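Examining the three-dimensional arrangement
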Amino acid sequence: MLVTKNAAELCTLLVNELYGQLPSRIIAALLARGRSNIRDIALHTSLSPKQVRHGLALVIQHNLIFYNTDPDSGATTYDANPQASYYLARVGKILEIIDRKYGTVAKELVNDLLMLGRVEIVDLVRYIKRNRGRKNTTNGHQGADHDFEDQDHDDPFNDDSLYVNGNNGTEDGANSTEDIYNTLAQLIAAGVIETVSASMFQSPQDLKASIEQDCLKEFPNGIRGAKVTTEFDTMVRSRIKAIGAERTTTKRKLQQSALYEPSNIKRRKLANGAMSNGFAGDSGGAILQDEPNTVIRVNFDKCMVELRNQKLIEHAEDFVGETTSQVYSALLAALCRKVYRCQHDQHAIMTEEEEESYYAGGRVTAEEVFDHLDPDIDLSNGIGTSASDDIDPRLAERIRKYPPQTQGSHLKGALEEGDEVMGSDDEDYDRNGENLKGALTNGHGHQNGNKDDGDCFADGQPSRAQKIQQMRQHLLLLGETRQQFVRHCGQNEWTVDFGPLVQQLRYVELDTMIEDSFGRHGLRLTRILREKGKLDDKTLPAMALMRKPDVHVKMAEMEMAGFLEVQEVPRDNNRAANRTMFFWFFDEPRTLKRVLDNAYKSMVRCLERLDVERYKKRSVLSLAERKDVQGHEEESLRDDVYQEYLEYLDIEKKLLSQVSRLDDLVAVFQDF
């Protein structure tokens, strides 16, 4: 895969930061030279073949490279996976969102998987139990019948008998193991963790090419004619879908368990007061215990979906408030089960369900959204007051079958041909319209906040039907915003058009960068060109309400920075300046590429500066990394040494924070 020079340097630095110098040198060679075999890698890295094999084993373990073996010659070549290398910059964000959504145990599991790479389930459980056992023995809670000094500490997967929580009784250890298996089952069912098959070690392009070669054997006379071509394409697609279905076998087993349904999760949460580590089912662990040799790894595609949802929730909160954004969070959580990746790759291996979800779009009902909603949210907040006569149900309950189209930096808000308005003779419309007219003052179920006793529980709390109706008001509010966070796509069906929303986020970030660099006039000119397309230098000043010399100066500045482009169209063959028309335009793809490359360059410089600071403070860091000093730096180090250590931590925090902010830009411009 071709990447820019700055992107290749960034991937190399990220691999070096987490896994060391040996794998980073191999990644750098593959990014620079492309597909190579072991001999070529050893030649370009100045490493011995033995060292290269050790490094390849590590990077394959973490999915940082692909490999492909030629069936005829048996030669194996290796190719870099720059996307997986770059995802290492988002490890902290992924762990944070896993902790918030699935609990602490899930966060620790994902963290261990990120460090280990692909691993069998039974080995992962042993590793986790061993690490917990070490922590507890360090705290002085070792049982009398266990002696960790007799264990082999070099192999984390060699002991089945280690206990957890500092107790050597079997009951606590069994319960902890059960929690681990159940949390793993939840993460696999949600798609955050995926099972690994042999086809995943090939790049999607190589895998598709090998499938096509196998299918060609079924056509000894070649691919000729429209009918044979159609049969060949159908055979290739069916085999690709079969591979995708094979990859998701365990996931489908876990999803079929009723205890993973959100309604049952909510019932258990209401019954017990809280969910243990964000998990609500206990049958998934038994399924995984029957398949202990299943190999798993972190699914970064699904993690990117979670990060995109978090970004959209923060964006919505700025416009519609906290309560409505929490309803939006529940909608995205319900929809997330039907969204498998942020962007579609033509070479991606997808199941039939994933294809249908991508092309048709996921839809959820109001009841599904309510099942994912936190029961502690007061839905009466954030709903405005209005007289029932002022509400037009035909507009409030308008259904839009098709997603909005982006025009410049805005969405078309007019009702397009093909959109459907609910008619007053529809039964569902009549019922929804009555509920809408009855919902009102202060967000309560009836006028002036009065409720009938039959619509409430004994303690005065609103019933489920009233809460769903209040939640629908928030959904309608989200659909009526200029950003169109939600689309009412059918009878009691809702969806989110991620493409136009992410496009708006890109324009927001671009506008912020342009305004910071070139001021309000530069932003005004950019928006005009984005809306109108190519304009000559005579029309632009009149539309921007600016003087012509000021426009020329500002446009030249923005062209030098790469945000605008100019096209010269001569009126005759002489190409004289006074006989040439200059058309200015905004080239969005080229601008995004330049902004991304600048972001990569800035991230590289931040990481290089961090290495320089570590070298300057190497004596202090060597003291702070001692086992007897870790966790007790203030008491163990001299005052001057401790102050230098704090200075380094402050510099490290600032540099890594800047890398994180730049990664937010990269995610919006490229990955979401």
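Just so you know, these numbers come straight off a predicted model, no measurement behind them.

Concerning the overall build of the protein
- A count of helices and strands for the protein gives 28 helices and 13 strands.
- Relative to its full complement of 672 residues, the protein shows a buried share of 45%.
- Of all intrachain contacts in the protein linking residues separated by at least 6 positions in sequence, the fraction that spans at least 24 positions is 68%.
- As displayed, the protein offers around 34,900 Å² of accessible surface, 46% of which is attributable to carbon and sulfur atoms.

Quick word on unusual backbone geometry
- Even without glycine at this site, N492 takes up a positive phi of about 60°.
- Mapped onto the elements of the fold, N492 is located in the loop between strand 9 (487-490) and strand 10 (493-495).
- The backbone phi angle of L545 is positive, close to 55°, even though this residue is not glycine.
- By secondary structure assignment, the location of L545 is in the loop between helix 23 (539-544) and helix 24 (548-561).

Observations concerning the sheet that holds strand 3 (residues 119-120)
- If you walk across this open sheet you meet the three strands as 3-5-4, and the pairing is antiparallel. The sheet is open, and its two edges are formed by strand 3 and strand 4 (193-195), each paired on a single side.
- As paired strands, strand 3 and strand 5 (residues 295-298) are joined by two bridges and run antiparallel to one another. Paired with E120 across the bridge in strand 5 is V295.
- Here helix 7 (residues 104-116) sits on the sheet and contacts strand 3, strand 4 and strand 5; the angle it forms with strand 5, its principal contact strand, is near 100°.

Details of the pairing of strand 2 (residues 76-80)
- With five bridges connecting them, strand 1 (residues 65-69) and strand 2 associate as antiparallel partners. Across the sheet, residue F66 finds its bridge partner in strand 2, namely D79.
- In this structure, the hairpin formed by strand 1 and strand 2 is closed by a connection of six residues, where G74 is found at a positive phi of approximately 75°.

Looking at the sheet that holds strand 13 (residues 580-585)
- Sheet architecture is open: three strands sit in the order 11-13-12, paired in antiparallel fashion. With partners counted over all chains shown, the strands left at the sheet margins are strand 11 (535-536) and strand 12 (565-570), one partner each.
- Of the pairings in the sheet, the one linking strand 12 to strand 13 comprises six bridges and is antiparallel in character. Bridge assignment links E568 to a residue of strand 13, and that residue is F582.

Describing the pairing of strand 5
- In this structure, strand 4 lies alongside strand 5, joined through three bridges in antiparallel fashion. Across the sheet, residue T195 finds its bridge partner in strand 5, namely I296.

Let's talk about the pattern of salt bridges
- The full count for this structure, using the stated rule, is 31 salt bridges.
- The partner of R614 in a salt bridge is D611, with the nearest N and O atoms 3.8 Å apart. Pair noted here: R614 and D611 are both in helix 25 (residues 588-616), with a separation of three residues, about one helical turn.
- For D611, a relative accessible area of 31% corresponds to the partly exposed category.

A word on the packing of helix 3 (residues 38-45) against helix 4 (residues 49-61)
- Taken N-terminus to C-terminus, the directions of helix 3 and helix 4 make an angle of 105°; their axes are 9 Å apart at the nearest point. With respect to each other, helix 3 and helix 4 are oriented roughly perpendicular. For the pair helix 3 and helix 4, the contacting residues are I38, I41, A42 and T45 in the first and P49, V52, R53 and L56 in the second.
- Residue classes in the contact of helix 3 with helix 4 are distributed as six nonpolar, one polar and one charged.

Notes on the nonpolar core
- If you look at the biggest cluster of nonpolar residues, it comprises 148 residues, and the most contacted ones within it are L56, V110, L124, L184, Y328, L331 and M471.
- Counting residues per element, this core draws most heavily on helix 28 (residues 639-671), which supplies twelve residues.
- With sequence-adjacent residues up to four places away left out, Y328 is seen in contact with L312, I313, A316, L478, F485, V486, V496 and L501.

So, the side chain of S197
- Along the chain, S197 falls in the loop between strand 4 and helix 10 (204-216).
- Note on S197: relative accessible area 14%, which makes it buried.

Some details on helix 15 (residues 300-320)
- In this model helix 15 runs 30 Å from its N-terminal to its C-terminal C-alpha over 21 residues, within 8% of the 30 Å that 1.5 Å per residue would give.
- At the N-terminal end of helix 15, a side-chain oxygen is found 3.3 Å from the backbone nitrogen of D301, two or three residues along, and the residue is N299.
- G321 occupies a position one or two residues after helix 15 and carries a positive phi of about 95°.

Rules used in this analysis
Residues numbered from 1 in each chain as written. Predicted model: local features only at pLDDT ≥ 70, side-chain atom pairs only at ≥ 80, totals over all residues. Heavy atoms only, no water. Helix = DSSP H or I, 4+ residues; strand = E, 2+ residues; numbered from the N terminus. Buried < 20%, exposed > 50% of the residue type's maximum accessible area, 1.4 Å probe, protein only. Contact = heavy atoms within 4.5 Å. Areas by Shrake-Rupley, 256 points an atom, 1.4 Å probe, with all protein chains shown as cover. Pairing = 2+ DSSP bridges. Axes fitted to C-alpha atoms, helices over the stretch in contact; angles between N-to-C directions. Salt bridge = Lys/Arg side-chain N within 4 Å of Asp/Glu carboxyl O. Parallel < 35°, antiparallel > 145°, perpendicular 65-115°, else oblique. Nonpolar A, V, L, I, M, F, W, Y, C, P; charged D, E, K, R; others polar. Core = buried A, V, L, I, M, F, W, Y, C linked by side-chain atoms within 4.5 Å. Expected span 1.5 Å × (residues − 1). Polar contact = N/O pair within 3.5 Å; in protein donor to acceptor, adjacent residues only side chain to side chain.

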